[in-house]
Every structure is written in structure tokens, then in C-alpha cells.
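Examining the three-dimensional arrangement
Letter by letter, the chains look like this.
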Amino acid sequence: MKGLFLTLEGIDGAGKSSHIDALEALFKARGRQVTRTREPGGTPIAETLRTMILTQPMDPLTESLLVFAARRDHIVRVIEPALARGEVVLCDRFTDATFAYQGAGHGFDTAVLSALEQWVQGRPLQPDITLWFDLSPELAAERLAGARLPDKFESQPVEFFRRVAAGYAQRAAAASRFVRIDAGQSRDQVWQQIEAALAARGLMGSR
Ligand code: TYD
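Scope of this entry: the structure provided in the associated data block.

Procedures and definitions
Residues numbered from 1 in each chain as written. Predicted model: local features only at pLDDT ≥ 70, side-chain atom pairs only at ≥ 80, totals over all residues. Heavy atoms only, no water. Helix = DSSP H or I, 4+ residues; strand = E, 2+ residues; numbered from the N terminus. Salt bridge = Lys/Arg side-chain N within 4 Å of Asp/Glu carboxyl O. Buried < 20%, exposed > 50% of the residue type's maximum accessible area, 1.4 Å probe, protein only. Phe/Tyr/Trp six-rings, centres within 6.5 Å; stacked < 30°, edge-to-face > 60°. Lys NZ or Arg CZ within 6 Å of the ring centre and 35° of its normal. Core = buried A, V, L, I, M, F, W, Y, C linked by side-chain atoms within 4.5 Å. Contact = heavy atoms within 4.5 Å.

Take unusual backbone geometry next. The omega torsion across E39 and P40 is -10 degrees, close enough to zero to call that bond cis. Position of P40 among the secondary structure elements: in the loop between strand 2 (34-38) and helix 2 (44-55). Although it is not a glycine, R93 sits at a positive phi angle of roughly 80 degrees. Looking at where R93 falls in the secondary structure, it is placed in the loop between strand 3 (88-92) and helix 4 (95-105).

Here it is as C-alpha cells:
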């Protein structure tokens, strides 16, 4: 069985995390082995870097280097081995988030990000499908308000998320692996969109 690399993206508060359980159950019900993971993170080293990235102020190049260092460890130890075993890898965020947050959000040089992507992802490793949860920054902020203590990114002003959202839209327009999910709909409707997208691409497999 061929491995499948599926990523979930979107601004904070867009609701992607709440669908990962259902995705895992869906693929398992169809007989697939599933590796579920996240970025930054997914290995002990990358999770340590995640804590630093999400809690400490740092300059954009340092932040980008740490994000890609975490990604390198994650790819080598978790993502590539799982894909080689023919598993479905469900990853909560990947490199699109770096272009959206560090690039579009913080205005960091995307040429440097592309160079780092080449170094870190080699051949290059890209997701087979990316579910992009598209939600207006205002609605996302409402959903996040009071939900929990915001981390370094979640406490950014709504203008930051407007730039991040525009960054995602730009990435999505440039690659056919993106599926836009209208995240402003109800949870059930969002799930229906996800199922329809997987079915349309022949990714559901047989029962
Ligand atoms: P998130 O995925 O939203 O996890 P949680 O639901 O636990 O908050 O948090 C990760 C944060 O890291 C998110 O605000 C986006 C940010 N991030 C980047 O800035 N660059 C990256 O490359 C990645 C993967 C995430």
C-alpha cells in the first residue's frame, strides 16, 4: 500500500484539530495504519523546540531555523519511515504554516524559507493532500476568545491573522494538493466537506 501524507492547515481558531480524531477513525476503519502527528513537534527534540518556539520571543530567522530544525528531525524519524511503511500520516500543520506565519504573518523573506525547505525536505517531500481550513480572522478570534491561555502566536492581533490567511490563500492558489474547506460552516458540514474531498480524490480506499 502506498503511503499517504495528509496535512491540515489554517489560522488559529479555524477548527482543524477537532477533525483529526475523525480522520484517524475513518482511515483505520478502511484498514489503514495511521500515524498522527503535529508540527512543530512529533519527536522529543521537535517537541522541545516547539515549547521554545511557542513561548519565547525571538527574531524571525531564529524562529524559522528552529521550525525547520524541528521539521528535519520529524521528517527523518517519523514522517518518512511511516510513509515507507505505507501508512497514512496525518500531520497537524507542516511547511505551509511556515510560509503563512513566518513568511506572510511576520514578513520574513520567503526566498530564505524556500531555501530552508530545499535543505530540509530534500527530494522534496510534499503532502499528497492539504486540507486548508479557511475562516475569516474575525470569526477565528471569536472562537479562540476565552478558550484557553493564548500562546505566542494566538495572542497576535487580528491584522497578523489577516496576513497569515492571505499567505495560505496564496499557497493554496499555487498548488493542486490544497483543498479549501469552508470552516465557517457547522462542524458536521465541515466534516462532510472533508469526506467529499477525500472521496473526490480517490483517497478513501475500500472498506
Ligand atoms: P497549533 O497547531 O494551532 O496547535 P494548538 O492547537 O495546540 O495551538 O499551534 C502551533 C502554532 O505554531 C500555531 O500558532 C502556528 C505556529 N506555527 C508557525 O508559526 N510556523 C510553523 O511552521 C508551524 C508548523 C506552526
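So much for the structure itself; the text now carries on.
Further remarks concern the pattern of salt bridges. Per the stated rule, a full pass over the model turns up 15 salt bridges. Residue R38 is joined to E47 by a salt bridge in which the shortest nitrogen-to-oxygen separation is 2.6 Å. When its relative accessible area of 25% is taken as the criterion, E47 is described as partly exposed. With a closest N to O distance of 2.6 Å, K152 and E63 form a salt bridge. Taken together, the positions of K152 in the loop between helix 6 (137-144) and helix 7 (158-174) and E63 in helix 3 (residues 60-84) put the pair 89 residues apart, joining distant regions of the chain. Neither K152 nor E63 differs from the other in exposure class; each is buried. Several salt bridges converge on common partners, so that one network encompasses D21, E24, K28 and R36.

Scanning all chains against the criterion turns up 6 aromatic pairs. Ring centres of Y101 and F153 lie 5.7 Å apart, and the angle between their planes is 85 degrees; this geometry places the pair in the edge-to-face category. Placement of the pair is Y101 in helix 4 and F153 in the loop between helix 6 and helix 7, with a sequence separation of 52 residues. Judged by relative accessible area, which is 5%, Y101 ranks as buried. Counting every residue linked through ring pairs, the aromatic cluster contains Y101, F153, F160, F161 and Y168. A cation over a ring is seen here: R71 above F68, with NZ or CZ 4.9 Å from the ring centre. A cation over an aromatic ring shows up here: R171 above the ring of F99, its NZ or CZ 3.9 Å from the ring centre.

Bringing the nonpolar core into the picture now. Of all hydrophobic cores here, the largest spans 45 residues; its most connected members are L23 and Y101. Element by element, the count of residues in this core is highest for helix 7, at 6 residues. Those residues in contact with Y101 that sit more than four places away from it in its chain are G10, I11, D12, R93, H106, F153, F160, F161, V164 and Y168. By size, the runner-up hydrophobic cluster in this structure holds 15 residues, among which are I75, L83, L113 and L125.

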